[in-house]
Amino acid sequence: MTVHLHWFLPTGGDGRTLVDRHAYADGGITRNGTVPGLRAPDITYLTQIAKAAEQLGFEAVLTPTGTFCEDAWLTTVALAQHTERLKFLVAFRPGVISPVLAAQMAATYQRITRGRLLLNVVTGGDSAEQRRFGDRLDHDRRYARTAEFLSVVRGVWSGRPYDFDGEHFRIEGGLTALPPDPLPEVFFGGSSAAAGPVAAEHADVYLTWGEPPWQVKEKIDWIRRLAEERGRTVRFGIRLHTISRDSAREAWATADRLLADLDAGTVASAQEVLGRTESVGQRRMLALHGGGSLDRDKLEISPNLWAGVGLVRGGAGTALVGSHADVADRIEEYHDLGVEHFVLSGYPHLEEAYWFGEGVRPELVARGLVTPGLTAPGLTAPGLVARREDLRPPKS
C-alpha cells in the first residue's frame, strides 16, 4: 500500500497568517479586510497552486465547499484546462442538488477532464450554513439523506434506468446515458454515530481530520468493522496541514510566528462560533487544543502534531510540524495504521507546496512509500522552480 499525496486549493482565499479569510462575528459572511497579506482566490493564483501541485508530484487537490468559497465544480473544471495530470477532489453537499443531476455532472466532468474527478461528500455539520442553501434537516437526517443520495448516484451510474423510493428521494427512471469512465472514487468523512454506517456502506475512502495516531486508529477500527459487516472494504485518508523545513528549529519557528499573529480576542471569537457546531468531528478538533490556549507547549498534542491551526480555523485544525524527516516519520506512522491518502495544506499554500514537495516527498520516495516519477518532466531544470523567497502572489 503506497501513500497517495494530495494538496489543497484555497478557494476561499489564502495568506501568510492563520487568521481565517472571513470575519468570524457573522460566521463567515463578511470578508475580513483588516488582515494583511491576504491573497484573493482568483483563477490566476489558483492556477499557480494547481500547476505547482502537479509539478511537485501531488496526485490531486481538494477544494472546500460552502458559502465562504468559490464553487468547487466550476473552479476545478476551469483549472483542469491549465493542467494535464492533476486530479480534483471536488467537495459538494448532498441534498442541495439532485442526485441524478450530480451523477450527470460527474459523468460530464470525467469526459471533459479525461478521468480526473474524485468526489468529496460533505454532509454538513453546521445548520446555519446548511440553511443558507435552503436545507433545514437536522444532523442525523442529513446523514440519512446522504446515504440515499449516494445510493441514487451509484444506481444512475449503472447506465440503465434506475428507480428509488426513499424518505428523501423518489426517482423514476433516473439515468446517466453515458456513465463516467472511470467511476469517480467517493471520499467521505464523519465522526458521529450517524456517519459511520454511511461511510461503511458507500465510501471508497473514509477521510478523517488529523487527530493523534491512537484516535485515528480507533476510527479506522470502527469504520473497518462496520464495512466488514456489510461485506465491503474501505480505504482511509487523513486531512492535515504541514509546516516542513530543513530543520525542526526552522519549522517550529514558523509555527511560532503564525501563533504570534493571533491575539486572545481573535481566538475567542473564532472559538465561540466554532463551538456552536453540530459536527462531532469539529468538536473533537476543538478538544485537542485545550479551549483556545496560545501556549505552544500545550498545542503539541502528539509528537510533531500541532493543534494551533484549529484555534481560528474550522475543519482541519492540526499540522505536522518539523524537519522533512520528522514529517515523513509521522506520515509513515499514520500509514502503518492503515492511512493511504494524505490530503495536505499549509499557509500560504503556494510556498508550503514547495516546502513539502521538495523536502518531504523525496524522504517518502526513499522509504518506498511514494512511487517515484510522478513529478512532471523538467521539474529540476534550471530556472523552472523559483526560489521560495522569490515567490509572490499574482497582481490582481
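Residues numbered from 1 in each chain as written. Predicted model: local features only at pLDDT ≥ 70, side-chain atom pairs only at ≥ 80, totals over all residues. Heavy atoms only, no water.

Enquirer: Would you mind going over the overall build of the chain in detail, with residue names and values included?
Expert: Looking only at helices and strands, one finds 13 helices and 13 strands in the chain. Considering the chain as a whole, with its 396 residues, one finds that 57% of them fall into the buried category. For the chain, contacts bridging at least 24 residues in sequence account for 74% of all contacts bridging at least 6. By element, 51% of the accessible surface of the chain is carried by carbon and sulfur atoms, the whole surface being about 16300 Å². (Helix = DSSP H or I, 4+ residues; strand = E, 2+ residues; numbered from the N terminus. Buried < 20%, exposed > 50% of the residue type's maximum accessible area, 1.4 Å probe, protein only. Contact = heavy atoms within 4.5 Å. Areas by Shrake-Rupley, 256 points an atom, 1.4 Å probe, with all protein chains shown as cover.)

Enquirer: Can you break down the confidence of the model for the chain residue by residue, with the values?
Expert: Taken residue by residue, the chain gives an average pLDDT of 87. The fraction at 70 or more is 88%. Predicted confidence for residues 22–29 stays below pLDDT 50, and this span has 22 contacts to residues more than four positions away or in other chains. Confidence drops under a pLDDT of 50 for residues 376–396, and excluding neighbours within four residues, the segment shows 24 contacts in the predicted structure. (pLDDT = per-residue confidence, 0-100.)

Enquirer: Describe in detail the nonpolar core, supporting the description with residues and values.
Expert: Ranked by size, the top nonpolar core spans 74 residues in total, and within it Leu5, Phe88, Ile331, Tyr334, Phe342, Phe356 and Leu364 carry the most contacts. Here this core takes 7 residues from helix α5 (residues 139–156), the largest share from any one element. When residues no more than four places from it in sequence are discounted, the contact partners of Phe88 are Leu9, Ala60, Val61, Thr76, Leu79, Ala80, Thr83, Tyr109, Arg116, Leu117 and Leu118. Membership of the second largest hydrophobic core comes to 22 residues, among which are Ala255, Val312, Val321 and Tyr347. (Core = buried A, V, L, I, M, F, W, Y, C linked by side-chain atoms within 4.5 Å.)

Enquirer: Mind laying out unusual backbone geometry, listing which residues take part and the relevant values?
Expert: Of note, the amide linkage connecting Asp181 to Pro182 takes the cis form, showing an omega dihedral of 0 degrees. Secondary-structure assignment places Pro182 in the loop between β6 (170–174) and β7 (186–188). With an omega of -10 degrees, the peptide bond between Tyr347 and Pro348 qualifies as cis. Looking at the element boundaries, Pro348 is found in the loop between β13 (339–345) and α13 (349–366).

Enquirer: So what's going on with the pattern of salt bridges? Residues and values would help.
Expert: Scanning all chains against the criterion turns up 19 salt bridges. The salt bridge involving Glu211 is made with Lys219; its shortest N-O contact spans 3.3 Å. The two residues Glu211 and Lys219 agree in class, both being buried. Two residues, Glu211 and Arg284, come together in a salt bridge whose shortest N-O distance is 2.7 Å. Of the two residues, Glu211 is situated in the loop between β8 (205–209) and α7 (213–229) and Arg284 in helix α10 (residues 280–288); the sequence distance between them amounts to 73 residues. On the accessibility criterion, Glu211 (1% relative accessible area) is buried. (Salt bridge = Lys/Arg side-chain N within 4 Å of Asp/Glu carboxyl O.)

Enquirer: So, the side chain of Ser191: which residues are in play, and what are the values?
Expert: Locating Ser191 in the fold gives a position in the loop between β7 and α6 (195–202). In terms of polar contacts, Ser191 uses its side chain to reach the side chain of Lys219, at 2.6 Å. Contact partners of Ser191, with chain neighbours within four places excluded, come to Tyr206, Lys219, Trp222, Val280, Gly281 and Arg284. (Polar contact = N/O pair within 3.5 Å; in protein donor to acceptor, adjacent residues only side chain to side chain.)

Enquirer: Quick rundown of the environment of Gly66? Include the residues and the values.
Expert: Summarising the element assignment, Gly66 is placed in the loop between β2 (60–62) and α2 (72–79). Among the residues examined, Gly66 registers a relative accessible area of 13% and is labelled buried.

Enquirer: Just give me the short version of the pairing of strand β5 (residues 162–165), but keep the residues and values in it.
Expert: Both β5 and β6 contribute to a ladder of 3 bridges, which runs antiparallel. Along β6, the bridge assignment pairs Phe164 with Ile171. (Pairing = 2+ DSSP bridges.)

Enquirer: How would you sum up the packing of aromatic side chains? Please name residues and give values.
Expert: Any pair of aromatic rings gets described here by the distance separating the centres and the angle formed by the planes. For the coordinates displayed, the defined rule picks out 9 aromatic pairs. Ring centres of Phe92 and Phe149 lie 5.8 Å apart, and the angle between their planes is 40 degrees; on these two criteria the pair is classed as tilted. In this pair, Phe92 is assigned in strand β3 (residues 87–92) and Phe149 in helix α5, connecting sequence segments 57 residues apart. Phe149 matches Phe92 in its accessibility class, with the two residues each being buried. Centroid distance Tyr206 to Phe236: 6.3 Å. Interplanar angle 75 degrees. Geometry classified as edge-to-face. Taken together, the residues Tyr206 in strand β8 and Phe236 in strand β9 (residues 235–245) connect sequence positions 30 residues apart. For the pair shown, Tyr206 and Phe236 are each scored as buried. Members of the aromatic cluster, joined through ring pairs, are Trp73, Phe92, Tyr109, Phe149 and Phe169. (Phe/Tyr/Trp six-rings, centres within 6.5 Å; stacked < 30°, edge-to-face > 60°.)

Enquirer: Got a sec to walk through the environment of Lys51? Specific residues and values, please.
Expert: Take Lys51: it is sitting in helix α1 (residues 43–55). Take Lys51: its relative accessible area is 41%, and that puts it in the partly exposed class. Measuring from C-alpha to C-alpha, the distance between Lys51 and Leu350 comes to 9.8 Å, with 299 residues separating the pair along the chain. Once residues lying within four places of it in the same chain are set aside, the contact partners of Lys51 are His82 and Thr83.

Enquirer: Describe the packing of α6 against α7, naming the residues involved and giving the relevant values.
Expert: Put simply, α6 and α7 touch, their axes get as near as 8 Å, and they point 55 degrees apart. Put simply, α6 runs oblique to α7. Crossing geometry of α6 relative to α7 is assigned as right-handed. Side by side, α6 and α7 meet where Gly196, Pro197, Ala199 and Ala200 of the first sit next to Trp222, Ile223, Leu226 and Ala227 of the second. The residue inventory of the contact of α6 with α7, partitioned by class, reads 7 nonpolar, 1 polar and no charged. (Axes fitted to C-alpha atoms, helices over the stretch in contact; angles between N-to-C directions. Parallel < 35°, antiparallel > 145°, perpendicular 65-115°, else oblique. Left-handed = near helix turned anticlockwise from the far one by under 90°. Nonpolar A, V, L, I, M, F, W, Y, C, P; charged D, E, K, R; others polar.)

Enquirer: Which residues make up empty space enclosed by the protein, and what values go with them?
Expert: The final tally for this structure, using the stated rule, is 2 cavities of 30 Å³ or more. Within this model, the largest cavity holds a volume of roughly 50 Å³. Looking at the largest cavity, the residues that line it are Leu18, His241, Thr242, Ile243, Leu258, Trp306, Val309, Ala319, Gly346, Tyr347 and Glu352. For the lining of the largest cavity, the element with the most residues is β9, which contributes 3 residues. Class assignment of the residues belonging to the lining of the largest cavity gives a composition of 7 nonpolar, 3 polar and 1 charged. Taken as a whole, the second largest cavity holds about 30 Å³ of empty space. (1 Å grid on protein atoms, 1.4 Å probe; cavity = no way out; pocket = protein on both sides within 12 Å on 5 of 7 lines; lining within 4 Å. Points joined across faces, edges and corners; volume = space filled by probe spheres on them.)

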